[in-house]
Structure formats: structure tokens, C-alpha cells
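For reference, the chains in residue letters:
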Amino acid sequence: MTRKRHATATDVARLAGVSQSAVSRAFTPGASIAEETRARVAEAARQLGYRPNAIARSLTTRRSRIIGVAASYLQNHFYPDVLEALSRGLQARGYQMLLFMPDAGRHADPQLQEVLAWRVDALILASTTLSSALADQCQAAGIPVLLFNRTSRAPSVSSVTGENLRGGRLIAEFLVASGHRRLGFLAGIENSSTSRDRESGFCGWLQENGHPPPLREVGLYQFEEAAAAARRLLARPDRPDAIFCGNDHMATAVAEVARHEFGLRIPRDLSLVGFDDTGPARWPSFSLTSFSQPVQPMVDATVALVCEMIEDPATPTRHEVVRGELVVRGSARMPPEGCVSLAEQLVWRPVRNDITG
């Protein structure tokens, strides 16, 4: 059987009665072309079964229209939501997302070296980090790098994050205002900026206001590690009466251990606060008080900034911080004042207005 030849842009131009450049503009998002011409090209392409060759186009434009995205911890509900929103946001701008998954908590340099071979137009790193050397290499190659929910010590790398420092401070004040005095903190990955900043805000507020440092364990942002850390905390004779978990995923593990292994009642015996305000935080079985990281505003800021960096290589380094709220639910005792209704949910707004980073 003779294999049918793929239709080309020249074939479409001939059938539609237009130039080959008009065919190219018809399939380029945002290009200037009359709607009547676009419709004729689309109909000719449909009849011929024509699809634009993205690889061939990239050789001409020197852009692949592909943005590499690195993400780990996909068992954490925050990141699947982020990836879905990122994919939609980038597609709306005419880009496709190339996902790869480096080892959690490690530098992504080896995997990033591979993804650069795909001639990506930019890199978005979520839940991972890169060395200063690779950041410099990407900059020299003209490939913008943007950190999502992370910051870097590399001065040339832009970032979009939630309010990690302020969130930690707000949670400390919330728990103290609720009458807790034996606090615990469950850290994530030790070298991640998210865990470091959340802990810094939490412990910093306690120290500044004359409270002892919290009991501390490490859960590595993983369910099983967090469950093991919860057992160590709750088995202590001076066990905490409130625990701030570095993200919601770990908080659900602590809740399971506290209820089913130690027979504790939440929040009567133990208050829990998480971070991210993911879907499980809103499930009635957890009803988790959590500091929000609004996915859509964070993704919108990321897409806008990375596209700006692609279009204008001279875009200065920026660090954008998206505001969150401490959403109050049933997993933590409520303070006597400061809880207000906002957008059909209860948030904590302390009477004092000095919660700063």
C-alpha cells in the first residue's frame, strides 16, 4: 500500500488561493491576518488534512513554543492543580508545556541539561532548585529561568511565590491568640526556601513576642515521613497542643496519626494548621485551617512574567509575591476575636496590623 504524502503549507496555499506566508500567519497565534483569509486557509487545511509542522517552524522562528516545567511532589495536591493551570495558561499564549520530574529535594542540574536539548524557550522550576552555575549557563544561552513557589540565591533568577514568611508569622500569632502554649513545627525539605521561610516566620514571631521555640520535626513534604514525625512529636511527655505543618499534605498525615493511633480529638486535644489551602483542606474529614497559596493568581503572574522574559531578554529580575489568607476551619481552636468572613470563607485578620515579613 502506497503511503499518502503529508500535505504541506504550499498545498494549502495553492488550494486556498493565498500566499504561503498567509498560511503561516493563519496558524500563528496573534498574527495579523484577515478573518476571511484565515477561514479560507482553515478550510483548505481541513480538506487536505494539513497540520503545521512545529519543529520546522521553530527552525525559522528560532523558538520552539515549548516551555519546560520541572515539578516534584505530585502526591501533594497543590502541584497537580498548579500544572493544570499552567498548561492552560501557557496554551492560551501559544505555548506547550514539557513536564519533567527531577528527584525531590535535589538540584535539578542533570535533568535540566537534558531538557535544554529540546530547545525550550524558557524554564519554570516548581518544587525543585538549580545551581548558580546552571542558572548562569541558561542566562548565557538566552533561556529565561523562573522559579515557582521557590526562591534562589542566584541573583539572576526571577521568582513567583506565596507569602511564606508572612504566613508563618500569622500562624504563630493565630495559635498563641487561641490559647496554645506548647507549639510544634513540622518542616518540609530542609534546603527548600519554602520550608525555610515558613519556619523563619513562625519561629521569628514567637521569639519576638517572648515565646519559646516550637518542638521541631522534619516531614520532608511526604505523607509517610510526616506520619513518622507525628508519632515522635505526639509520643513526647511534653507533646505539643498545636502543630503547624509546612504544607497541607503533611497536615493530613498528622491528623490521621493523631486520631487513629493516639486517640486525640482535633481540635479539642490538638490544633492543626497547614499551608497551601489545597483541596483536602476543604474536605469535611479534615476541615483544615490553612494559609492559602492562591493557585490561579500565582499561575497568572508566572505566565505573564515568563512570556515577558521570552519577548524581552532585558526584562529585569523580579520576585513577585502573591498575597494569601489564613483560612480558618475546624482543625484548630479559634481565637476570641479576629475571624472575619471573606468571599464565603472565614479568615483570620488580627486586630494588630503588624504582621510583616
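Residues numbered from 1 in each chain as written. Predicted model: local features only at pLDDT ≥ 70, side-chain atom pairs only at ≥ 80, totals over all residues. Heavy atoms only, no water.

### Some words on the nonpolar core
Here is the rule: Grouping buried Ala, Val, Leu, Ile, Met, Phe, Trp, Tyr and Cys residues that are joined through side-chain atoms within 4.5 Å yields what is termed a nonpolar core. Whether a residue is buried, partly exposed or exposed follows from its accessible area with a 1.4 Å probe, protein chains only, as a fraction of its type maximum: under 20%, in between, or over 50%, in that order. Helix and strand assignments come from DSSP, with helices taken as H or I runs of at least 4 residues and strands as E runs of at least 2, each series counted from the N terminus. Here the limits of each domain have been adopted from an automatic or database domain assignment. Contact between two residues is taken to exist if any of their heavy atoms lie within 4.5 Å; hydrogens are not considered.
Within the largest apolar cluster, 55 residues are counted, with the highest numbers of intra-cluster contacts made by Ile67, Phe148, Ile243, Cys245, Leu272, Val299 and Val306. Taken together, the elements giving at least two residues each to this core come down to β1 (66–70), α5 (78–92), β3 (122–126), β4 (145–148), α10 (223–234), β8 (242–245), α11 (248–260) and α12 (295–311). No other element matches the 10 residues that α12 contributes to this core. When we break this core down by domain, the ones giving at least three residues each are domain 2 (66–162 + 295–322) and domain 3 (164–293 + 325–348). Excluding anything up to four places from it in sequence, isoleucine 243 contacts Gly184, Leu233, Leu234, Val254, Leu270, Ser271, Leu272 and Val273. Of all hydrophobic cores here, the second largest spans 22 residues; its members include Ile171, Ala172, Ala187 and Phe244.

### Here's the deal with unusual backbone geometry
Trans is the common state for peptide bonds, and a negative phi is the common state for residues other than glycine. Here isoleucine 266 and proline 267 are connected by a cis peptide whose omega angle stands at 10°. Mapped onto the elements, proline 267 comes out in the loop between α11 and β9 (271–276). A positive phi angle, close to 40°, is found at serine 287, a residue other than glycine. Mapping serine 287 onto the fold places it in the loop between β9 and β10 (289–292). Even without glycine at this site, alanine 343 takes up a positive phi of about 50°. Looking at the secondary structure, you find alanine 343 in the loop between β13 (339–342) and β14 (345–348). Relative accessible area serves as the criterion here: at 68%, alanine 343 is assigned to the exposed category.

### A short note on the packing of aromatic side chains
As a reminder, the rule being used: Note on aromatic contacts: the rings of Phe and Tyr and the six-membered ring of Trp form a pair at centre separations within 6.5 Å, being stacked when their planes are under 30 degrees apart, edge-to-face when over 60 apart, and tilted otherwise.
Under the definition given, this model contains 9 aromatic pairs. Ring geometry for phenylalanine 78 versus phenylalanine 148: centroids 6.4 Å apart, planes at 25°, classification stacked. Of this pair, phenylalanine 78 sits in helix α5 while phenylalanine 148 sits in strand β4, and the two are 70 residues apart along the sequence. Centroid distance phenylalanine 174 to tryptophan 348: 5.4 Å. Interplanar angle 75°. Geometry classified as edge-to-face.

### Considerations on the pattern of salt bridges
Close approach of charged atoms lets side chains of opposite charge pair. Threshold: Salt bridges are counted wherever a side-chain nitrogen of Lys or Arg sits within 4 Å of a carboxyl oxygen of Asp or Glu.
One pass over the structure, following the stated rule, counts 19 salt bridges. Across the salt bridge formed by glutamate 35 and arginine 38, the nearest N and O atoms sit 3.5 Å from each other. With glutamate 35 and arginine 38 both in helix α3 (residues 35–48) and 3 residues apart, this pair spans about one turn of that helix. Judged by relative accessible area, which is 57%, glutamate 35 ranks as exposed.

### Some words on helix α1 (residues 9–16)
Of the residues making up α1, those classed as buried are Ala9, Asp11, Val12, Ala13 and Ala16. The inward-facing, buried residues of α1 contact α2 (20–26) and α3. Once α1 ends, the next one or two residues include glycine 17, with phi positive near 75°.

### Here we look at the sheet that holds strand β2 (residues 96–100)
Quick note on the threshold: We treat two strands as partners when DSSP finds at least two bridges between them. Axes here mean lines fitted to C-alpha atoms, for a helix over just the part in contact, with angles spanning 0 to 180 degrees between N-to-C directions.
The 6 strands are arranged β2-β1-β3-β4-β5-β11 in an open sheet whose pairing can be described as parallel. A single partner strand is all that each edge strand has here, and the edge strands are β2 and β11 (319–322). Taking the axes of each pair of neighbouring strands and ignoring which way they run, one obtains an average angle of 20° across the sheet. Bridging between strand β5 (residues 158–162) and β11 involves 4 bridges; their strand directions are parallel. Paired with threonine 161 across the bridge in β11 is valine 321.

### Brief notes about α12
Spelled out, the test is: Multiplying one less than the number of residues by 1.5 Å gives the expected span of a helix.
When the terminal C-alpha atoms of α12 are compared, their 24 Å separation across 17 residues agrees well with the 24 Å that a helix rising 1.5 Å per residue should span. Those residues of α12 that fall on the buried side of the exposure criterion are Val295, Met298, Val299, Ala301, Thr302, Val303, Leu305, Val306, Cys307, Met309 and Ile310.

### So, the side chain of glutamate 199
Rule in force here: Two N or O atoms form a polar contact when they lie within 3.5 Å of each other; inside protein one atom must be a possible hydrogen donor and the other a possible acceptor, and for residues adjacent in sequence the pair counts only when both atoms belong to side chains.
With respect to the helices and strands, the residue glutamate 199 is situated in helix α9 (residues 193–208). The class of glutamate 199 is buried, set by a relative accessible area of 16%. At a separation of 2.6 Å, a polar atom in the side chain of glutamate 199 contacts the side chain of arginine 216. Sequence-distant contacts of glutamate 199, defined by excluding residues within four places in its chain, comprise Phe185, Ala187, Gly204 and Arg216.

### Examining the packing of α10 against α11
Going by this rule: Orientation labels follow simple angle bins: below 35 degrees gives roughly parallel, above 145 gives roughly antiparallel, 65 to 115 gives roughly perpendicular, and whatever is left gives oblique. With the far helix as reference, a near helix turned anticlockwise by less than a right angle produces a left-handed crossing, and one turned clockwise produces a right-handed crossing. Residue polarity follows a fixed list, in which Ala, Val, Leu, Ile, Met, Phe, Trp, Tyr, Cys and Pro are nonpolar, Asp, Glu, Lys and Arg are charged, and the others, Gly among them, are polar.
For the pair α10 and α11, the least separation of the axes is 8 Å and the interaxial angle reads 50°. On the basis of their axis angle, the class for α10 and α11 is oblique. Judged by the twist between their axes, the crossing of α10 over α11 is right-handed. The segment α10 lies against α11, with Phe223, Ala226, Ala227, Ala230, Arg231 and Leu234 engaging His249, Met250, Thr252, Ala253, Val254, Glu256, Val257 and Ala258. Among the residues forming the contact of α10 with α11, the class breakdown is 10 nonpolar, 2 polar and 2 charged.

### Quick look at the environment of proline 336
Structurally, proline 336 is set in the loop between β12 (326–327) and β13. C-alpha separation for the pair proline 336 and alanine 177, spaced 159 residues apart in sequence, amounts to 7.7 Å.

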